[in-house]
Amino acid sequence: MVGRPPEDGDGGSSRDRTMAGLGSPTEDPVATLRAAGVAVCQPGASTPGFPDPSGVDATPPCRACCPPPPGGPAPEAPSAAVTGDARSPRAARPGTDRADPVAPRIPPGWRRRDRVVPLAVSILLAALVTAPLTARGWLLLLDWVPGPAGVGTGVLDPAALPAGPAFLVPVAFVHTVAGAWVGWVPIALALGVAALGAGRLVGGPVAARSVAAIAYAWNPFVYDRIYAGHLALLAGYAVLPWLAGAILDTRRGPLRWWTVGLLWALAASCSLQLAWIGGVVLAAGVVVRTRHEGPGPVFRQAAGATALAAVVVGAWAVPLAVRAPDGGGRAALEAFATRADPALGRAAGLLAQQGFWRPAPERPRDDLGPAFPLVAGAVVAGAGAGLVSGRRGPARALALGTGLAAGAAWLLAHGGAGPAGWLYRHAVTAVPGFEVMREAQKWVMLVSLATAVGLGLLTAMVAGRLRRPGLASVLAVLPLVLAPTLAWGLAGRVETSRYPESWEEAAPDVERAGTGATVVLPWELYVRTSFTAERVVANPVPSFFGSSVVASRDAGLDGFPRSRGAGATSPPPSTGRAPPPRPEARRRWEPTSRRSERRSCSWSGPTPASGSSATPASPP
């Protein structure tokens, strides 16, 4: 019980009220608590069949400590709200073992703030990264080159198997409705959804949710993937914390296999690599949940989720896998091998979310210079401390599950060079569908998830012990410092571009020539262009002219198999003679080859300069 009503003729003891901290002697403690949103139990107050002596109808008391009326319902156990326990913004749910990961004393008036602040943090993070990218023009990245005719053959071609319909269909809609917005909208949505999901996964006070959101959406892994234009992978990355929450969060009772299966299928339908990455999270969840629910029910629920995800993903992935070219096998595994960090090495570098195989002009670790090992060590140590402390408290299922998944992902991220490299190399060539994981560094996204959870739990622990959640928010500085140049369009290293006006003039001629009648030279996938400030990007000509042109899809990697069809390493054979250029078009078109029946022409305007041989890149 929270308070005691005064007896008849007795105004109550002012000293008792003051010592109890319920306000001044002239205030009514019951009214004060009710104004704060706390339900108060008053024995003897008005209940059905028991009128209030004062004649004023009061809030019905809890039935656990007040006698029910004759023939009334049985007493109920008092809840956290009835007993005035305001330690957690959410009460414990039936059949669960905890209410929140950490439950510091938070005033009830902050409950709405617990929901609004993480949402505001997610929107702010997305805006800080993409605000300059909303300028007029098209955002052209390494593997993301949208244009008036589409988003590039490297994304929509069946050879780009990892990109699935859950990503391509919304992208096509945005391209149709908003045009150039298709360059930055997927990035903004991915960052916002990822941050909101990480905060929801950790739970607890506002500071813990905010730190987890920042750590998951603001890190070197996200920086590398934005610079490389791997937006389909970022979309699956955004769904990952929601999937982990459905698997590892024991607050919601037994594992709901249909929810897990649908979220798993959604992530894998954005990027097919999430089919394997989500499987590791499910395996970790099975290990954790068997301690609470027993192996039988958990195995049945996990099998149902796996079957549902396999049916949904297989419906679109299997037909495309038959048409997709050879992925390269061990040659591709070597080409996309995880790189060792210059200061930390491969093993420690993966914990710091490094190891992307593609060389880049500058990365956050280069911006930090000698301070990078110190900052990375602080982030890794803080995340580890949070996971260890969480295993001893009510967040043990979340801490243990994300820790197990991150440990397995760290081992797999070594690829063919790690302790189990022989097994990874065999899996790439022998296990059906595992070839999509030839770039092993993508496993690091589970390390990013564990880092976010660990820092969030550490923040919640500090806030719970100090009873001041605001002080724990200083931990948000750590992930921000680890990738300081992620803000404002990667510190201005990527920006929107405008296609040359002469391309607009040449478009009618290319369209009249017919589908596939024009070959784009130089015959390379990755080029440098003047309108992208000499940044290497995938050839943007197909995105501008559409199917009227034939362009190379050869990444220029040694030992890597060449693509078939429109991406062949030599111009495809002709099926008919293309009409010769009209006299008035000769100032823009110049014949360069007559080796086949088809006339191969190059544009004599601002032709891109080759740069792919020095800086190759992976398919989307």
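Residues numbered from 1 in each chain as written. Predicted model: local features only at pLDDT ≥ 70, side-chain atom pairs only at ≥ 80, totals over all residues. Heavy atoms only, no water.

K.L.:
Explain the overall build of the protein chain here, please?
P.N.:
Regarding its fold elements, the protein chain presents 23 helices and nine strands. Per-residue burial over the protein chain gives 50% buried out of 620 residues. Long-range contacts, defined as pairs at least 24 residues apart, comprise 74% of the intrachain contacts of the protein chain with a sequence gap of at least 6. Carbon together with sulfur atoms contributes 61% to the accessible area of the protein chain, which is approximately 27,200 Å² in total. (Helix = DSSP H or I, 4+ residues; strand = E, 2+ residues; numbered from the N terminus. Buried < 20%, exposed > 50% of the residue type's maximum accessible area, 1.4 Å probe, protein only. Contact = heavy atoms within 4.5 Å. Areas by Shrake-Rupley, 256 points an atom, 1.4 Å probe, with all protein chains shown as cover.)

K.L.:
What's the story with the pattern of salt bridges in this structure? I'm lost.
P.N.:
A side chain with one charge may pair with a side chain of the opposite charge, provided their charged atoms come close. Going through the model one piece at a time under the given rule, you end up with nine salt bridges. Residue Glu 439 pairs with Arg 225 through a salt bridge whose shortest N-O separation is 2.7 Å. Of this pair, Glu 439 sits in the loop between α18 (421–430) and α19 (444–466) while Arg 225 sits in helix α8 (residues 220–228), and the two are 214 residues apart along the sequence. By relative accessible area, which is 0% here, Arg 225 ends up buried. Through salt bridges with shared partners, a single network forms among Arg 225, Glu 439 and Lys 442. (Salt bridge = Lys/Arg side-chain N within 4 Å of Asp/Glu carboxyl O.)

K.L.:
Where do I start with unusual backbone geometry in this structure?
P.N.:
Backbone geometry follows two general trends: most residues other than glycine have a negative phi, and most peptide bonds adopt the trans configuration. In this structure, the amide linkage connecting Leu 521 to the following residue, Pro 522, adopts the cis form with an omega of 5°. Residue placement: Pro 522 occurs in the loop between β3 (518–519) and β4 (526–528). A positive phi angle, close to 65°, is found at Gln 353, a residue other than glycine. Structurally, the position occupied by Gln 353 is in the loop between α14 (345–351) and α15 (364–368).

K.L.:
Help me understand the packing of helix α9 (residues 231–248) against helix α10 (residues 257–270) in this model?
P.N.:
Helix-helix packing is described using two parameters, namely the angle between the two axes and the distance between the axes. It is at 7 Å that the axes of α9 and α10 come closest, and there the two elements cross at 165°. When the axes of α9 and α10 are compared, the pair comes out roughly antiparallel. Once α9 is placed against α10, the crossing between them reads as left-handed. Along the contact surface, α9 presents Ala 232, Ala 235, Gly 236, Val 239, Trp 242, Leu 243, Ala 246 and Ile 247, while α10 presents Thr 259, Val 260, Leu 263, Trp 264, Leu 266, Ala 267 and Cys 270. (Axes fitted to C-alpha atoms, helices over the stretch in contact; angles between N-to-C directions. Parallel < 35°, antiparallel > 145°, perpendicular 65-115°, else oblique. Left-handed = near helix turned anticlockwise from the far one by under 90°.)

K.L.:
Can you help me understand the nonpolar core in this one?
P.N.:
In globular proteins that are soluble, nonpolar side chains generally tend to be buried together. Residues Phe 167, Ile 226, Leu 240, Trp 443, Leu 446 and Leu 486 are the most contacted members of the largest nonpolar core, which totals 146 residues. The greatest single-element share of this core, amounting to 14 residues, is contributed by α9. (Core = buried A, V, L, I, M, F, W, Y, C linked by side-chain atoms within 4.5 Å.)

Geometric descriptors of this kind do not, in isolation, establish any biological role.
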